[in-house]
Amino acid sequence: MKIGVFCSGGDAPGMNACIRAIVRSAVSQGHEVVGIMRGYQGILDEAFYSTQDGNVQLMMRSVSGISMLGGTVLHSSRCPDFQTEEGMRRAAEILKKHHFDAIIPIGGNGTLSGAHEFRQFWDGKIVGCPGTIDNDLCGTDYTIGFHTAVQTAVEAVDKLRDTAHSHDRMFIIELMGRHCGYITLYTAIAAGCEIACIPEKTLKTEEMIEKLHELKRAGKDSIIMAVAEGYLEGVLSLQKKLEAAGCPFPIRVVVLGHLLRGGAPVAEDRILATLLGYHAVKAVLQGQTDVMAGITCNSPKLFPLEEVIKDHRQVPDYMVELLKVVSK
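Predicted model only: the values in this text are computed from it and were never measured.

I tried to follow the sheet that holds strand β11 (residues 299–304) on my own but got confused; where do I start?
Consider a sheet: its strands pair through backbone hydrogen bonds, and that pairing is either parallel or antiparallel. The mixed open sheet is built from seven strands, whose spatial order is β3-β2-β1-β4-β5-β10-β11. Each edge of the open sheet is held by one strand with a lone partner, namely β3 (57–58) and β11. Two strands pair when backbone bridges link them, and strand β1 (residues 2–7) and strand β4 (residues 102–107) are joined in this way by five bridges, in the parallel orientation. Paired with Cys7 across the two strands is Ile106, which belongs to β4. Across the face of the sheet, helix α1 (residues 15–27) comes into contact with β1, β2 (32–35), β3, β4 and β5 (125–130) while running at roughly 160 degrees to β4.

In structure tokens:
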């Protein structure tokens with residue numbers, strides 16, 4: 001069997017560990033793996049990863065030492081052409097031309113939505129792996145890259161806390177997460193932030209101001225507010241609203257942005273990515289298709305892509321309540 005693997009959409013720490021697991025799981029059982037460069041665009045461009053000797057087939061040694069690397073050795077991109085019927089038909093023809101039997105896309109909601117639609121145009125096996133720092137996919141407790149993104153954010157917040165304390169300031173820190181507050185909420189809990197603003201739970205400006213005054217009266221001389229990028233109109237707008245409402249602290253804004261995507265994956269992401277890559281290959285060899293390899297309650301599971309992409313995973317209410325309690 002010939003299996004194509006690629007990464008699509010935003011990169012996430014741990015993608016390389018997933019690639020490594022896919023290659024070694026398949027090759028060890030006598031199957032062929034080809035790396036497709038730059039996601040769906042790479043299919044349309046017929047761009048395949050090749051070793052120094054020009055071999056496009058990934059072997060055991062081809063993926064040595066990549067688990068600890070951030071980003072993806074296969075590169076990634078977003079491909080508007082693949083979102084069209086014409087583009088999908090052309091991609092199917094190219095995969096048939098090169099005799100692919102299956103593909104394993106690694107990515108987030110957009111990547112897996114494309115994979116689900118693509119099944120209408122290509123009869124090969126499609127098994128996805130959840131690679132996104134947002135942790136917003138249904139069908140898995142955690143996505144590849146989430147743990148590393150939170151660790152990176154926590155380290156940044158810890159450093160900003162020093163400056164906030166030194167100058168009696170409040171920092172509003174914007175974290176990635178357009179539709180999902182997982183990174184923001186987990187970072188806030190781990191880094192001891194006083195307030196977290198996430199898309200799922202909108203706070204009134206009056207509520208924030210009241211809490212900030214309470215913290216000031218309690219002796220707090222600095223504040224860290226973690227805000228998801230998808231929260232209302234953005235951090236600059238939030239800053240203006242708080243200042244106009246009488247915030248008792250001088251405010252500075254820091255946008256961490258794409259910083260959260262980079263860096264070597266932490267152990268949790270390396271292990272998760274390896275498990276999911278192995279599980280994806282196992283699913284392909286068992287004849288499964290139109291599914292995603294996920295993990296729930298520490299056990300690997302397969303979920304239909306239709307179920308995975310139909311909604312964004314919501315943060316649990318008990319974690320929101322936890323932050324309210326420990327940030328008082």
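The rest of the description comes next.
Help me out: how do you make sense of the packing of aromatic side chains in this one?
What characterises a pair of aromatic rings is the spacing of the ring centres plus the angle enclosed by the ring planes. For the structure shown, the criterion picks out nine aromatic pairs. Here Tyr142 and Phe146 contribute two aromatic rings whose centre-to-centre distance is 5.9 Å and whose plane-to-plane angle is 20 degrees, an arrangement assigned as stacked. Relative to Tyr182, the ring of Phe146 lies with its centre 6.0 Å away and its plane at 90 degrees, an arrangement referred to as edge-to-face. Taken together, the positions of Phe146 in helix α5 (residues 146–167) and Tyr182 in helix α6 (residues 182–191) put the pair 36 residues apart, joining distant regions of the chain. Taken individually, Phe146 and Tyr182 each receive the classification buried, so the pair is uniform in this respect. Members of the aromatic cluster, joined through ring pairs, are Phe6, Tyr40, Phe82, Phe118 and Trp122. Over the ring of Phe100 we find Lys2; its NZ or CZ atom is 4.7 Å from the centre of that ring.

I tried to follow the packing of α6 against helix α11 (residues 317–326) on my own but got confused; where do I start?
Relative placement of two packed helices is described by the angle separating their axes and the distance separating the axes. The geometry of α6 relative to α11 is characterised by a closest axis approach of 10 Å and an angle of 35 degrees between their N-to-C directions. As for the relative orientation of α6 and α11, their crossing is left-handed in sense. Here Leu185, Tyr186, Ala188 and Ile189 of α6 lie close against α11, whose contacting residues are Met319, Val320, Leu322 and Leu323. Its residues assigned to classes, the contact of α6 with α11 comprises eight nonpolar, no polar and no charged.

So what exactly am I meant to see when it comes to the pattern of salt bridges here?
Any two side chains of opposite charge can pair if their charged atoms end up close together. Counting across every chain of the model gives eight salt bridges. Between Lys201 and Asp317 there is a salt bridge, and its shortest N-O distance comes to 2.9 Å. Of the two residues, Lys201 sits in the loop between β7 (195–197) and α7 (205–217) while Asp317 sits in helix α11, which places them 116 residues apart along the sequence. When its relative accessible area of 34% is taken as the criterion, Lys201 is described as partly exposed. One salt bridge connects Lys310 with Glu307, and the closest N-O pair in it is separated by 2.9 Å. Glu307 gets classed as partly exposed once you look at its relative accessible area, which sits at 38%. Residues joined in a network through salt bridges with shared partners are Arg161, Glu194 and Lys220.

Reading the values: the criteria
Residues numbered from 1 in each chain as written. Predicted model: local features only at pLDDT ≥ 70, side-chain atom pairs only at ≥ 80, totals over all residues. Heavy atoms only, no water. Pairing = 2+ DSSP bridges. Helix = DSSP H or I, 4+ residues; strand = E, 2+ residues; numbered from the N terminus. Contact = heavy atoms within 4.5 Å. Axes fitted to C-alpha atoms, helices over the stretch in contact; angles between N-to-C directions. Phe/Tyr/Trp six-rings, centres within 6.5 Å; stacked < 30°, edge-to-face > 60°. Buried < 20%, exposed > 50% of the residue type's maximum accessible area, 1.4 Å probe, protein only. Lys NZ or Arg CZ within 6 Å of the ring centre and 35° of its normal. Left-handed = near helix turned anticlockwise from the far one by under 90°. Nonpolar A, V, L, I, M, F, W, Y, C, P; charged D, E, K, R; others polar. Salt bridge = Lys/Arg side-chain N within 4 Å of Asp/Glu carboxyl O.

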